[in-house]
Amino acid sequence: DTYNRALVIYEEKLGPDHIKTATTLMGIAIVLTNQKKYDESMVKYNKVLPIYKKEYGHDSVDMARLLTNMAVTLFFQGKYEDAMENY
């Protein structure tokens, strides 16, 4: 699939901690959430989290978007308290 091919290229050429790699992981996580593969999605989001913190900081719009996506994924799983408390 296209996202996974792009991810492999970014990881090989730029490294696993590069912002473009993280952006691709974010896209994959969104697709996984839409496919109701919530646990897989959260694994991807958790890989993005430290990269976004380093690149954008704790209070950026990009970080807010990531945290919102994570909270929505938890909400879809019925983990309402986790969604509210952690994100």
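Up top is the structure.
Residues numbered from 1 in each chain as written. Predicted model: local features only at pLDDT ≥ 70, side-chain atom pairs only at ≥ 80, totals over all residues. Heavy atoms only, no water.

## Digging into the nonpolar core
Definition in use: Buried residues of nine kinds, namely Ala, Val, Leu, Ile, Met, Phe, Trp, Tyr and Cys, make up a nonpolar core once their side-chain atoms join them within 4.5 Å. Classification of residues uses two cut-offs on accessible area relative to the type maximum, computed with a 1.4 Å probe and protein chains only: under 20% is buried, over 50% is exposed, and between them is partly exposed. Going along the chain from the N terminus, every DSSP run of H or I of four or more residues is numbered as a helix, and every run of E of two or more is numbered as a strand. Pairs of residues are marked as contacts when any of their non-hydrogen atoms sit within 4.5 Å.
Counting residues in hydrophobic clusters, the biggest one holds 20 residues, and the most contacted among them are Ala22, Met26, Tyr45, Val48, Tyr52 and Leu66. At the level of elements, helix H2 (19–34), helix H3 (38–56) and helix H4 (61–76) are the ones that each hand at least two residues to this core. Here this core takes seven residues from H2, the largest share from any one element. When neighbours within four sequence positions are excluded, alanine 22 is seen to be in contact with Val48, Ile51 and Tyr52.

## Here's the deal with a nonpolar patch on the surface
Basically, it comes down to this: Exposure above 30% relative accessible area and the absence of a salt bridge qualify a residue for a patch, where like charges join within 9 Å and nonpolar side chains (Val, Leu, Ile, Met, Phe, Trp, Tyr) within 5 Å. Every accessible area reported is derived by Shrake-Rupley at a probe size of 1.4 Å, with residue values counting cover from the shown protein chains alone. Salt bridges are defined by distance alone: a side-chain nitrogen of Lys or Arg within 4 Å of a carboxyl oxygen of Asp or Glu.
Together, Val72, Phe75, Phe76 and Tyr80 make up a nonpolar patch on the protein surface, roughly 400 Å² of accessible area in all. Per element, the largest residue contribution to the nonpolar patch is three residues, and it comes from H4. Checked against the element boundaries, valine 72 lands in helix H4. Since its relative accessible area comes to 34%, valine 72 is described here as partly exposed.

## A word on the packing of aromatic side chains
In this description, a pair of aromatic rings is defined by centroid distance and the angle of the planes. Stated formally: Stacked, tilted and edge-to-face are the three classes assigned to paired rings of Phe, Tyr and Trp, where Trp is represented by its six-membered ring and a pair needs centres within 6.5 Å; plane angles under 30 degrees give stacked, over 60 edge-to-face, the rest tilted.
Scanning the model with the defined rule gives four aromatic pairs in all. Ring geometry for tyrosine 38 and phenylalanine 76: centres 6.1 Å apart, planes at 45 degrees, overall tilted. Here tyrosine 38 is found in helix H3, whereas its partner phenylalanine 76 is found in helix H4, with 38 residues between them in sequence. By relative accessible area, tyrosine 38 is classed as buried at 16%. Both rings, one in tyrosine 52 and one in tyrosine 56, keep their centres 5.0 Å apart while their planes meet at 85 degrees; by these two values the pair is edge-to-face. Here tyrosine 52 pairs with tyrosine 56, and both are found in helix H3, just four residues apart, close to one helical turn. Judged by its relative accessible area of 1%, tyrosine 52 falls in the buried class.

## A short note on the side chain of lysine 44
The following threshold applies: We treat Lys and Arg as the positive residues and Asp and Glu as the negative residues; His and chain ends play no part in the count.
The residue lysine 44 is located in helix H3 in this model. Buried and unpaired, lysine 44 has no salt bridge, with glutamate 40 as the nearest side chain of opposite charge at 6.8 Å. Residues contacting lysine 44, with those up to four places away along its chain left out, are Leu25, Ile28, Ala29 and Leu32.

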